[in-house]
Amino acid sequence: MDRERYDKVIEACSLSKDLEILSFGDQTVIGERGINLSGGQKQRIQIARALYQDADIYLFDDPFSAVDAHTGSHLFKEALRGLLCSKSVIYVTHQVEFLPSADLILVMKDGRISQAGKYNDILISGTDFMELIGAHQESLAVVGSADASSVSENSALDEENGVVRDDIGFDGKQESQDLKNDKLDSGEPQRQFVQEEERAKGSVALDVYWKYITLAYGGALVPFILLGQILFQLLQIGSNYWMAWATPISEDVQAPVKLSTLMVVYVALAFGSSLCILVRATLLVTAGYKTATELFHKMHHCIFRSPMSFKIAKTCSKTCIYSS
């Protein structure tokens, strides 16, 4: 493990505070589909994994879609412009504020490249790109005016209530700090969000075989299967003994039975053994099919009607809210 590069990647992807909040830091087990992570954390972890590989070419598909503007600017500055400054980076984005730093911009429209070039060249020559820039600036203006009105309303309410605030984001920071303190002060042992699965080692127990045997028709076909196998073996032994006893040793020795009797008895024994093996195979296939069907239906029933618990989901969402 390259510890120096690892630390640089963690810092560039703004994961230091997230690792401090997680109970086991970078050893925390991530659940299926990142159940114990927020959307921004998932995206930053994916970017961090890519950065640590130190490849020559990087492909990013809208890498800043799930992070806020401040974190996105930090990622672009420290990751794309910092650690990947000597690499070939191709990234797809709708956030036009990052485009002035690109060496080459390809504007896509209806699945085709409508414009290509540097930021200033496309800005002067193209109308599609101008519309995109204008729409982005209008959205920023709308968001800025909404934030300003919200801040002014909060300030007016605070003045009426006699509350003084030094920082707009004080509440969120205080809650995050309280969450950390609760984790440190709690006497309960910390556990991973994803626990290790229980596994049983050793040979299969006899009761498992017994349940499998008796699952189809309560095991009613098992005696007939065994009987068919036993009769088959007896008829096979009988046919071999009959041929050895009834066949004369030489031409001078008289046969104990006629040739026609020898053939009739041998054919009857062969037919009986064939019939027994046919019955045994039919019953065995029927029991196996019935057992497999019952096992599938029980498994299907247990999965789709199993009780659901949201305890872990609540814990994960609480952690993600204060760590993102």
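Every chain's residues receive numbers from 1 upward, in the order its sequence appears when written. pLDDT decides what is reported in this predicted model: residues at 70 or higher carry local features, side-chain atom pairs at 80 or more are listed and counted, and totals for whole chains, interfaces and linings draw on all residues regardless. Computation of side-chain values covers all heavy atoms of the structure but excludes hydrogens and water.

**Section: the overall build of the chain**
Every helix listed is a DSSP run of H or I at least four residues long, and every strand listed is a run of E at least two residues long, numbered separately from the N terminus. Of regular secondary structure, the chain possesses 11 helices and 4 strands. Classification of the 324 residues of the chain by burial places 25% in the buried group. Of the contacts formed within the chain by residues at least 6 apart in sequence, a portion of 61% connects residues at least 24 apart. Per-residue and other accessible areas were derived by the Shrake-Rupley procedure at a 1.4 Å probe size, with only the shown protein chains allowed to occlude residues. Here the chain displays about 23,900 Å² of accessible surface, and carbon together with sulfur accounts for 59% of that area. Throughout this description, buried means an accessible area under 20% of the type-specific maximum (1.4 Å probe, protein chains only), exposed means over 50%, and partly exposed covers the range between. The criterion used for residue contact is that any of the two residues' heavy atoms lie within 4.5 Å.

**Considering the packing of aromatic side chains**
Each Phe, Tyr or Trp ring (for Trp, its six-membered ring) is paired with any other whose centre lies within 6.5 Å, and the angle between the two planes then decides the class: stacked below 30 degrees, edge-to-face above 60, tilted in between. Taken as a whole, this structure holds 3 aromatic pairs when the rule is applied. Centre to centre, the rings of Phe76 and Tyr91 are 6.2 Å apart; their planes meet at 70°, and the pair counts as edge-to-face. Note that Phe76 is positioned in helix α4 (residues 69-83) and Tyr91 in strand β2 (residues 88-92), a separation of 15 residues in sequence. Here Phe76 and Tyr91 have matching classes, each one buried. Here the aromatic rings of Trp242 and Trp245 are separated by 5.7 Å at their centres, their planes lie at 40°, and the arrangement is tilted. Here Trp245 and Trp242 lie together in helix α9 (residues 221-246), a separation of 3 residues that amounts to about one turn. What makes Trp242 buried here is its relative accessible area of 15%. The criterion for a charge sitting over a ring is simple: Lys NZ or Arg CZ within 6 Å of the ring centre, and within 35 degrees of the ring normal. The ring of Tyr217 is capped by Lys290, whose NZ or CZ atom sits 5.5 Å from the centre of that ring.

**Considering the pattern of salt bridges**
Salt bridge, as used here: a side-chain nitrogen of Lys or Arg that lies within 4 Å of a carboxyl oxygen of Asp or Glu. Within the structure shown, the criterion is met by 5 salt bridges. When the shortest N-O distance is used, the salt bridge between Glu294 and Lys290 registers 3.3 Å. Separated by 4 residues within a single helix, Glu294 and Lys290 lie in helix α10 (residues 259-304), roughly one turn from each other. A relative accessible area of 25% means that Lys290 is categorised as partly exposed.

**Concerning the side chain of Ser273**
Summarising the element assignment, Ser273 is placed in helix α10. Residue classification places Ser273 among the buried residues on the basis of a relative accessible area of 4%. For Ser273, the residues in contact, after removing those within four places along its chain, are Phe232, Leu235 and Gln236.

**Concerning α4**
Taking 1.5 Å as the rise per residue, α4 with 15 residues should run 21 Å; its terminal C-alpha atoms sit 20 Å apart, in good agreement. We define the bend at any residue as the angle between the axes fitted to the seven residues before and including it, ending there, and the seven starting there. The principal kink in α4, of about 25°, is found at Phe76. Among the residues of α4, Thr71, Gly72, Leu75, Phe76, Ala79 and Leu80 are the ones counted as buried. Elements that come into contact with the buried residues of α4 comprise α1 (3-12), α3 (39-52), β1 (57-61) and β2. Here, expected helix span is obtained from the residue count minus one, scaled by 1.5 Å.

**Topic: the nonpolar core**
With 28 residues, the main nonpolar core has Cys13, Leu51, Phe60, Phe64, Leu80, Tyr91 and Ile105 as its most contacted residues. When residues of this core are traced back to their parent elements, those giving at least two are α1, α3, β1, α4, β3 (105-109) and α5 (119-125). Among residues more than four places away in sequence, those in contact with Tyr91 are Phe60, Phe76, Leu80, Phe98 and Ala102. What we call a nonpolar core is a set of buried Ala, Val, Leu, Ile, Met, Phe, Trp, Tyr and Cys residues that are connected through their side-chain atoms within 4.5 Å.

**What about the packing of α9 against α10?**
Two numbers describe how α9 lies on α10: the axes approach to 8 Å, and their chain directions differ by 160°. Between α9 and α10, the angle falls in the class roughly antiparallel. For the pair α9 and α10, the crossing hand works out as left-handed. Residues were grouped as follows: Ala, Val, Leu, Ile, Met, Phe, Trp, Tyr, Cys and Pro as nonpolar; Asp, Glu, Lys and Arg as charged; and all remaining residues, including Gly, as polar. A class-by-class count of the residues in the contact of α9 with α10 yields 18 nonpolar, 9 polar and 1 charged. Here, axes are lines fitted to C-alpha atoms. For helices the fit covers the stretch in contact, and angles between N-to-C directions go from 0 to 180 degrees. These descriptions rest on fixed angle ranges, namely under 35 degrees for roughly parallel, over 145 for roughly antiparallel, 65 to 115 for roughly perpendicular, and the rest for oblique. Should the near helix be turned counterclockwise from the far one by less than a right angle, the crossing is left-handed, whereas a clockwise turn marks it as right-handed.

**Topic: the environment of Ser65**
Looking at the element boundaries, Ser65 is found in the loop between β1 and α4. Each C-alpha atom of the pair Ser65 and Gln95 lies 8.5 Å from the other, and the pair is 30 residues apart in sequence. In protein, a polar contact requires one atom able to donate a hydrogen and another able to accept it; more generally it is a pair of N or O atoms within 3.5 Å, and residues adjacent in sequence count only if both atoms are side-chain atoms. Of the polar contacts made by the side chain of Ser65, one reaches the side chain of Gln43; its length is 3.1 Å. Here the side chain of Ser65 touches Asp62 through a polar contact of 3.3 Å, landing on its backbone oxygen.

**Points about the UniProt feature "transmembrane region" (unreviewed entry) in the chain**
The UniProt feature table records "transmembrane region" (unreviewed entry) at residues 209-232 and 263-289. Annotated as residues 263-289, this span is 100% helix and 0% strand, and its ends, taken at the C-alpha atoms, are 39 Å apart. UniProt positions are given in the numbering used here, feature names are shortened, and annotations may be inferred rather than shown by experiment.

**Points about the pairing of β2**
Two strands pair under a simple rule: DSSP has to find at least two bridges between them. Sheet analysis places β1 next to β2, joined by 5 bridges and oriented parallel. For Leu59, the partnering residue across the bridge sits in β2 and is Ile90. At this point the chain moves from β1, through α4, to the parallel β2, and the crossover so formed is right-handed. Here is how to tell: hold the view so the strands point away, follow the path from the first strand over the helix to the second, and if it runs clockwise the crossover is right-handed.

**Some words on the packing of α3 against α4**
With their axes 12 Å apart at the nearest point, α3 and α4 run at an angle of 5° to one another. It follows that α3 is roughly parallel to α4 by the angle criterion. Every residue of α4 that contacts α3 at Arg44, Ile47 and Leu51 is listed here: Thr71, Leu75, Ala79 and Leu83. Residues that form the contact of α3 with α4 fall into these classes: 5 nonpolar, 1 polar and 1 charged.

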